[in-house]
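A structural walkthrough
Listed below are the residues making up each chain.
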Amino acid sequence: MKRTFLIFFLGSVFSLYAEESADTLSLDDAFNEDAIVADSLLSSTPDSVVSQLEREFPESFENNLNNLLSIYPNTYVSHNCVTDSIGPEIDDSLTMLRLKKIPALFELVYNPIVKKYIELYTLRRRKQMEYMLGVGNYYFPIFEQALDAAELPIELKYLPVIESALNPRAFSVAGASGLWQFMYGTGKLYGLQGNSLIDERRDPIKATNAAVRFLKDLYRIYNDWSLVIAAYNCGPGNVNKAIKRANGKKDYWAIYPYLPMETRGYVPAFIAATYAMTYYKEHKICPAHVDLPFICDTIRLNDRLHLAQISEVLGVDLEVLRNLNPQYRKDIIPGNGETYTLCLPQMQVDKFIGMKDSILAYKADSFNVLTRVQVLPASADPYFKGVRSGAIGKGVYVVRKGDTLSSIARRRKVPVAKIKKWNNLRSDNIYIGQKLRMY
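Rules of the game
Residues numbered from 1 in each chain as written. Predicted model: local features only at pLDDT ≥ 70, side-chain atom pairs only at ≥ 80, totals over all residues. Heavy atoms only, no water. Helix = DSSP H or I, 4+ residues; strand = E, 2+ residues; numbered from the N terminus. Buried < 20%, exposed > 50% of the residue type's maximum accessible area, 1.4 Å probe, protein only. Contact = heavy atoms within 4.5 Å. Areas by Shrake-Rupley, 256 points an atom, 1.4 Å probe, with all protein chains shown as cover. Phe/Tyr/Trp six-rings, centres within 6.5 Å; stacked < 30°, edge-to-face > 60°. Polar contact = N/O pair within 3.5 Å; in protein donor to acceptor, adjacent residues only side chain to side chain.

**As for the overall build of the protein**
Counting secondary structure elements, the protein contains 21 helices and 11 strands. Burial statistics for the protein: of 439 residues in total, 52% are counted as buried. Of the contacts formed within the protein by residues at least 6 apart in sequence, a portion of 68% connects residues at least 24 apart. Accessible surface computed for the protein: about 21900 Å², of which carbon and sulfur atoms make up 51%.

**Notes on the packing of aromatic side chains**
Counted according to the given criterion, the structure contains 16 aromatic pairs. Where Phe214 meets Tyr232, the ring centres are 5.3 Å apart and the plane angle is 40 degrees; that geometry is what we call tilted. A residue pair is termed long-range when its members are at least 10 positions apart, and Phe214 in helix α10 (residues 204-222) and Tyr232 in helix α11 (residues 225-234) qualify at 18 residues. Exposure remark for Phe214: the relative accessible area of 13% places this residue in the buried category. Ring geometry for Tyr275 and Tyr279: centres 5.2 Å apart, planes at 40 degrees, overall tilted.

**Overview of the side chain of Asn233**
Mapping Asn233 onto the fold places it in helix α11. For Asn233, the side chain forms a polar contact with the side chain of Glu262, separated by 3.5 Å. If we ignore the near neighbours within four places in the chain, the residues touching Asn233 are Glu163, Glu262, Thr263 and Tyr266.

Written as structure tokens, this is what we have:
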């Protein structure tokens, strides 16, 4: 397809050059020769295009990345090695060659804005990359399994890197939540439950399955993965408007200037994340060690339960339970007859099943697990403890001197027969101090 931006051709031009040179040049020679070509191509990009790309690089991206990663609890992240604090500078020709070698259905192009994002991940935010690489060892297998089952590109596993920095508790200013940053309405549309106690947009497995269905639906619309990712970020409506303004061209780089500012950097950021996650070793970045159990199992529960009950009875760190089950906003599994999932370290599953009754009973009042179904409010009337509801009095009436069933019935505006029925009375005889149920 025809490209609006000259820089889009960098990847394909370099690819042709590299293929023609492979038989005659050594790898080092090829890099030297390619560096000359790359410098020439990059320098030939119009200044107006470069300056536009620089302006459209979202300044808030670095701060957002930092803020998201600051939420990671230090209690389960450690480091087995020390990452080089500086890292090697990026060589354009080498970067393009590396991008070409990544097996992907997604079009991994190289241009100035992609380069800026690669620098963000590999130079300016190296410490954060350590965290994401470490946490990725836990989450990527979940993403890969779901994407593979749906026959979607495996490289889409890097979407949560730019969406949430792999933080399942991430919550954006716009209201997007979880690893895949679902908005509330979109989450509901794809079956993700949300209320005061639970946010399934934070559930790694359920949210991943929902994201896979969403991405698959978007691909049916656009049949182009760059447009799919753009639509995932800003919505199909904005992408369709951009296509219309670009005279119907269904190509990301053709509609680039007509997209919302944030989305213009979204696809370049995805390409950069894919590169950085693939070639982190070449940039001397060391993954952090994440002290989470990688072998876990899921239990289905319909009982109301607090994670702290499990933690204290089984001796499992509460922070680990929270990170295995980030969907529970207040650490409470709602229960109430509905079925919910609990993710546990595999070695704790049998122990939980065997001690389930003890866990449910452990400090139930202290952890606000028990809820009162019926409560009679206090009343200033010492002879009447209760309230009325509509035409039928509810509560308990204490018989006073001079009371009869008829007078009580008139006062409470209910038939005598109902009072007798509620209290299993065979006659109209009552006595002072007798407590009559009024419901």
